[in-house]
Amino acid sequence: MIIYILLFLISLLFYSYSPEYYSESFCYNVFILFFISIFFFLRNTIKNKNYFNFHVFFLLSTFFTNFAYPVFIYPTNPEYFSVFSYSFNHNIISRATALSEVAINAYILGVSLYNTKTKIVNKNLVYEYSYFFSSGLRRFTKYLAFLFSILFSIYTMYVATYEPQEIILNTQFVNVVIVLFVIAIIINLFSIKEEVRNNLYLFLRKNTLLILSGIFVVLFSLWFGDRGPAIQIIFVLIFAYVYFVKPISLKTLLLLIVVGLFFLTLISYTRGTQSNLRSGSITGTITEASRQITTFNTFWNYGMDLIVNNRNLYVACELADKDGLLYGKSYFPYLFAPIPGVPSLLTDAIFNTTPEELSSAYKITKEAGLDWGLGSNAVGDVYMNFGLLGIILCFF
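Cut-off values and rules
- Here the residue numbers are simple positions, counted from 1 along each chain's written sequence.
- Predicted model: local features are reported for residues with pLDDT of at least 70 only, side-chain atom pairs are reported and counted for 80 or more only, and whole-chain, interface and lining totals are derived from all residues.
- Excluding hydrogens and water, the side-chain values take into account all heavy atoms of the structure.
- Secondary structure elements are taken from DSSP: a helix is a run of H or I of four residues or more, a strand is a run of E of two residues or more, and numbering for both begins at the N terminus.
- Exposure categories follow from relative accessible area, calculated using a 1.4 Å probe and restricted to protein chains: below 20% of the type maximum is buried, above 50% is exposed, and the middle band is partly exposed.
- The criterion used for residue contact is that any of the two residues' heavy atoms lie within 4.5 Å.
- The method behind every accessible area is Shrake-Rupley, applied with a 1.4 Å probe, and residues are considered shielded solely by the protein chains displayed.
- We define a nonpolar core as any set of buried Ala, Val, Leu, Ile, Met, Phe, Trp, Tyr and Cys residues linked to one another through side-chain atoms lying within 4.5 Å.
- As used in this structure description, the phrase polar contact means that two N or O atoms lie within 3.5 Å; if the pair is within protein, one of them must be able to donate a hydrogen and the other to accept it, and residues adjacent in sequence are counted only when both atoms belong to side chains.

**Student:** Before we go on, may I ask you to explain the overall build of the protein in this structure?
**Tutor:** Counting its regular elements, the protein contains 18 helices and zero strands. Here the protein, with 396 residues, has 44% of them falling under the buried criterion. Taking the intrachain contacts of the protein between residues at least 6 apart in sequence as the baseline, contacts between residues at least 24 apart amount to 75%. Summed over its atoms, the accessible surface of the protein is roughly 21200 Å², and 65% of this surface lies on carbon and sulfur atoms.

Shown next as C-alpha cells:
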C-alpha cells in the first residue's frame, strides 16, 4: 500500500511541475512511472494466473489512448495518423500525459485500498456465496436474450438497407440487448457454476441458446461495421468462461489480443470503402484489408482506433481551460437513461440543448469543425467536468 501512495504523490508532482510545452524527455519519464505503477499493481492483482481481468484490459487500453502517442509517435511523426493534422494545442501534451498518470495512480490506489479493507474484513470469516434461480426464470431470460438477438439482427439489416449512411447502431437499443444478455448470463451461470467448473462441453451444452444469441449479435454488428456491440459481447462470453469454467493462460490471452487487433483493424480500414462486409463480400473485404495492412509502416496502425483518442484528451484539457468546467452537465442525461424520452426532455428544459450537445465527444468534434464524430477520452471527459480533483475522486 505504501508504494502505491508514494507513486500517486509522485504523479501529482509530475503534474504540478509539467512544462507548458511538449517535452519528449518529460513524457518519457511519465511513461516510466506508468510502467513501474502497473508492474507492481498487476503483479499483486493477477490471482491464480487469471490474466483476463478488467485491470489488464483497462491499463492496456489506457496505454494506447493516453501514452503511446506522446512517448513513441509524436517525436518521430506528429501527424502519423491524419486525425492529428487537425488543429490542437501541442503545448498541452506534457501536462495531459501527466494528468493521465495521476488518473492511473488514483485508480491503482483506490483498488489497492479496497482490496486491503476486504482482506481485513474477511480475515476471520469463512463463507461461500450460493446463488440459485428457478428453472422458469432461467428459461425466461434465455428466451428473452435470444429474442432480442434476433430483433438486433433484423434491426441491423433494416438500418443497413434503408439508412446506408449510418455507421453506428442506435446506442439505446444496443444497450438494452447487452444488458439483457448479461442478466441472462448471470442468472443461468450462477445457478450451475459448480456443474460447469472445468467442463467446457457441459458449459456449452447448457448454454447453447445464450451462446447463439451472442454469436448473432457479434456477427451482425461486425457485418454492419459497428464493432462496439461485438466487443462487449465477446468480453462477456470470455469473462463467463474464465469465471465459471477456468482461467485462460497468458499465451492464450496474448493470442486473443493479436487476433482481436487484426479483425478490428480489418473492420476499421474497410468500413469506409466499397469492400466493407455490408456491401461487399468476405473475400473482397479480406483482400482490401490485406492490401491496406501491407501499407502499414509500424505496429501502431493496429492500435489506430485507440491511439487517435490521445488527441481527444488534449482538446478536452484545452476546452476545460478555455471555457471552464462543465460540472457534470455531460453526465446529467445518463441519470435518466432507463426512462425513454426523459433525458432529452429534461436536458432541453434545464439546459435548453440536447443530450448529444452536452457530451464531451460533441464538444471535441465541434472544436475541430467536423461533421463526423471524433469520440472522447475517459480522462479528458472527467477533466472537462470536474478538473483535477474530479480525476482523483472519479478514478479512485
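**Student:** For this particular structure, what's the right way to read unusual backbone geometry?
**Tutor:** Trans peptide bonds make up the majority, and among non-glycine residues the majority have a negative phi. Positive phi, normally seen in glycine, also occurs at Tyr 327, with a value near 55 degrees. Overall, the relative accessible area of 62% leaves Tyr 327 in the exposed class. In the Ramachandran plot, Asn 352 falls in the positive-phi region, its phi being about 55 degrees despite a non-glycine side chain. Its location among the elements puts Asn 352 in the loop between helix 15 (342-351) and helix 16 (355-358). Here Asn 352 falls in the exposed class, since its relative accessible area comes to 66%.

**Student:** So what exactly am I meant to see when it comes to the nonpolar core here?
**Tutor:** Among soluble globular proteins, nonpolar side chains are generally buried collectively. Residues Tyr 69, Phe 81, Ile 307, Ile 391 and Phe 395 are the most contacted members of the largest nonpolar core, which totals 95 residues. If sequence neighbours within four positions are ignored, Ile 307 has contacts with Phe 64, Ala 68, Tyr 69, Ile 73, Phe 81, Phe 84 and Trp 300.

**Student:** Is there a simple way to think about the side chain of Asn 188 in this case?
**Tutor:** Relative to the elements of secondary structure, Asn 188 occurs in helix 6 (residues 171-191). Among the polar contacts listed, one links the side chain of Asn 188 to the side chain of Thr 141, at a separation of 3.1 Å. When near neighbours in sequence (up to four residues on either side) are disregarded, Asn 188 contacts Arg 138, Thr 141, Lys 142, Asn 207 and Leu 210.

**Student:** What am I meant to see in the environment of Phe 140 here?
**Tutor:** Positionally, Phe 140 belongs in helix 5 (residues 135-162). On the basis of relative accessible area, Phe 140 is assigned to the exposed category, the value being 51%. Here the alpha-carbon distance between Phe 140 and Ala 184, two residues 44 residues apart in the chain, equals 8.6 Å.

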